[in-house]
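These are the residues of each chain, in order.
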Amino acid sequence: MRSDKVCSLTNKIKTVLYIGVTNDLQRRVYEHKNKLIDWFTKKYNCDSLLYYEKTWDIESAIMREKELKWWSRKKKDNMINSVNKERKEIDII
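These remarks concern the structure in this document.

Cut-offs used in this document
Residues numbered from 1 in each chain as written. Predicted model: local features only at pLDDT ≥ 70, side-chain atom pairs only at ≥ 80, totals over all residues. Heavy atoms only, no water. Helix = DSSP H or I, 4+ residues; strand = E, 2+ residues; numbered from the N terminus. Contact = heavy atoms within 4.5 Å. Core = buried A, V, L, I, M, F, W, Y, C linked by side-chain atoms within 4.5 Å. Buried < 20%, exposed > 50% of the residue type's maximum accessible area, 1.4 Å probe, protein only. Salt bridge = Lys/Arg side-chain N within 4 Å of Asp/Glu carboxyl O.

With respect to the element layout, Asn 11 can be found in the loop between strand E1 (5-10) and strand E2 (17-22). For Asn 11 and Asn 45, which are 34 residues apart along the polypeptide, the C-alpha to C-alpha distance reads 5.2 Å. Ignoring sequence-local partners within four residues, the contact set of Asn 11 consists of Val 16, Tyr 44, Asn 45 and Cys 46.

It is worth spelling out the nonpolar core at this point. Counting residues in each nonpolar core, the largest one holds eleven residues, listed as Val 6, Leu 17, Ile 19, Val 21, Leu 50, Tyr 51, Ala 61, Leu 68, Trp 71, Met 79 and Ile 80. Listed by contribution, the elements that provide at least two residues to this core are E2, strand E3 (48-54), helix H3 (58-70) and helix H4 (73-83). For this core, the element with the most residues is E2, which contributes three residues. Residues within four places of Val 6 in sequence aside, it is in contact with Ile 19, Gly 20, Tyr 51, Tyr 52, Glu 53, Thr 55, Ala 61, Arg 64, Glu 65 and Leu 68. Formed by eight residues, the second largest nonpolar core is a distinct cluster that contains Leu 9, Val 16, Tyr 18 and Val 29.

Further remarks concern the pattern of salt bridges. Pairing is possible between side chains of opposite charge, provided their charged atoms come close. Counting across every chain of the model gives 13 salt bridges. Of the charged contacts, one joins Glu 67 and Arg 64 as a salt bridge, the two residues approaching to 2.9 Å between their closest N and O atoms. With Glu 67 and Arg 64 both in helix H3, this residue pair falls three residues apart, about one helical turn. You can call Arg 64 buried: its relative accessible area is 19%. Asp 77 is the partner of Arg 73 in a salt bridge, and the nearest nitrogen-oxygen pair spans 2.9 Å. One end of the pair, Arg 73, and the other, Asp 77, are both in helix H4, four residues apart, so they sit about a helical turn from each other. In this structure Arg 73 comes out as partly exposed when scored by relative accessible area, which is 34%. According to the relative accessible area criterion, Asp 77 is buried, its value standing at 19%. The network of salt bridges with shared partners includes Asp 24, Arg 27, Arg 28 and Glu 31.

Structure (structure tokens):
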């Protein structure tokens with residue numbers, strides 16, 4: 001069964017937020033931590049998972065990702081803080 005998710009990662013000093021979609025959260029975080037994806041997260045060292053949410057399917061995940069990307073930083077921070085107030089990295093193992 002697929003498990004599509006929208007996730008948010010940050011850098012060590014928590015100044016940058018990345019919003020993305022994946023169907024394998026553990027693999028995706030591994031790729032970011034090991035700089036295997038040559039894109040935004042590698043450039044800004046976003047490898048700490050702060051937040052994720054499950055969706056029904058990939059289309060829902062993509063729609064949610066697009067919605068979150070338009071949110072203000074404050075609104076994204078409030079969303080993350082609602083489930084991860086201390087903003088600690090989520091361990092998904």
